[in-house]
Amino acid sequence: MLREIISITGKPGLYKIVSRGKGTLIVEQLGNGNRLPVHARDRVVSLGDISMYTESGDTPLGEILDKVYAANGGKEIDIKSLVVAKGLKDSFGNAVEDFDRDRVHDSDIKKLYTWYNILLAAGYTKFVDEKEEETKEEEKTEEKKED
C-alpha cells in the first residue's frame, strides 16, 4: 500500500502515483486531488522504502505507522501541542517503545506525524499489506531454521 504513496522533495504533502509515462510520473496529491507530473529530475521517495531506527534494527515505516495508529486509537495527532510541550519523543515512545532515541530526531517524528495525519485524512487505516506481513513472517521462520 505504501509503495504507491510518495513524498516529493521540495513539495509539501504526500502523493499517490496515478500513472507512469516515459521519464514522468503522474501523481495525485492526497487530500485535495490535484494532479501533476513529476519528472525524472525531481527527488521522489516511496513511503514503502522508508524505515526508522529502532533498537532491534531498522523498522519499515508501515509497521511504525500501524503502531502509531494503534497507540492513538485511529485519531489524528495534534502536532502543534506536542511541539510546544516538547513532547514529541515521549508521545512517539508510547507508540514505538524501542525507537533509537539518539538517531531519531524531533523533526523525523514531526514529519512522521504529519504524514500519518495526511494518510488518515485520505482514508488509510492499514499501513502494512498482508502480503508483506506474510513474507516477513516467512523470512523470520527461515532465519530461525538456519540458526
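A brief structural summary. (Residues numbered from 1 in each chain as written. Predicted model: local features only at pLDDT ≥ 70, side-chain atom pairs only at ≥ 80, totals over all residues. Heavy atoms only, no water.)

Structural notes on the pairing of strand 6 (residues 51–54)
Regular strands place their side chains on alternate faces of the sheet. Examined bridge by bridge, strand 6 and strand 7 (residues 57–60) share four bridges and lie antiparallel to one another. Each bridged residue has a counterpart across the sheet, and for Tyr-53 the counterpart in strand 7 is Asp-58. Between strand 6 and strand 7, which pair antiparallel one after the other, the connecting turn spans two residues. (Pairing = 2+ DSSP bridges. Helix = DSSP H or I, 4+ residues; strand = E, 2+ residues; numbered from the N terminus.)

What to know about the packing of helix 3 (residues 88–95) against helix 4 (residues 106–121)
Two numbers describe how helix 3 lies on helix 4: the axes approach to 10 Å, and their chain directions differ by 60°. On the basis of the axis angle, helix 3 is oblique to helix 4. Helix 4 is crossed by helix 3, and the crossing has left-handed handedness. Contact with helix 3, carried on its side by Leu-88, Lys-89, Ser-91 and Phe-92, involves Asp-106, Ile-109, Lys-110, Leu-112 and Tyr-113 of helix 4 and no other residues of that element. Within the contact of helix 3 with helix 4, the residues separate by chemical class into five nonpolar, one polar and three charged. (Axes fitted to C-alpha atoms, helices over the stretch in contact; angles between N-to-C directions. Parallel < 35°, antiparallel > 145°, perpendicular 65-115°, else oblique. Left-handed = near helix turned anticlockwise from the far one by under 90°. Contact = heavy atoms within 4.5 Å. Nonpolar A, V, L, I, M, F, W, Y, C, P; charged D, E, K, R; others polar.)

Details of the layout of surface pockets
In this model, the largest pocket occupies a volume close to 230 Å³. Around the largest pocket sit Ile-50, Ser-51, Met-52, Tyr-53, Leu-61, Arg-103, Val-104, His-105, Asp-108, Lys-111, Leu-112 and Trp-115, which together line it. Going through the elements one at a time, strand 6 and helix 4 are the ones with two or more residues in the lining of the largest pocket. By residue number, the principal contributor to the lining of the largest pocket is helix 4, which donates four residues. Broken down by class, the residue content of the lining of the largest pocket amounts to seven nonpolar, two polar and three charged. (1 Å grid on protein atoms, 1.4 Å probe; cavity = no way out; pocket = protein on both sides within 12 Å on 5 of 7 lines; lining within 4 Å. Points joined across faces, edges and corners; volume = space filled by probe spheres on them.)

Things to note about the packing of aromatic side chains
A complete count under the given rule lists four aromatic pairs for this structure. Here Phe-92 and Tyr-113 contribute two aromatic rings whose centre-to-centre distance is 6.3 Å and whose plane-to-plane angle is 65°, an arrangement assigned as edge-to-face. Taken together, the residues span a long stretch of sequence, with Phe-92 in helix 3 and Tyr-113 in helix 4 at a distance of 21 residues. On the basis of relative accessible area, Phe-92 is assigned to the buried category, the value being 0%. The class for Tyr-113 is buried, based on a relative accessible area of 1%. When the centroid spacing of 6.3 Å and the interplanar angle of 50° are considered together, the rings of Tyr-116 and Phe-127 count as tilted. Pair noted here: Tyr-116 is in helix 4 and Phe-127 is in the loop between helix 4 and helix 5 (130–146), with a separation of eleven residues, a long-range link. For Tyr-116, a relative accessible area of 0% puts it in the buried group. Taken together, Tyr-69, Tyr-116 and Phe-127 form an aromatic cluster joined through their ring pairs. (Phe/Tyr/Trp six-rings, centres within 6.5 Å; stacked < 30°, edge-to-face > 60°. Buried < 20%, exposed > 50% of the residue type's maximum accessible area, 1.4 Å probe, protein only.)

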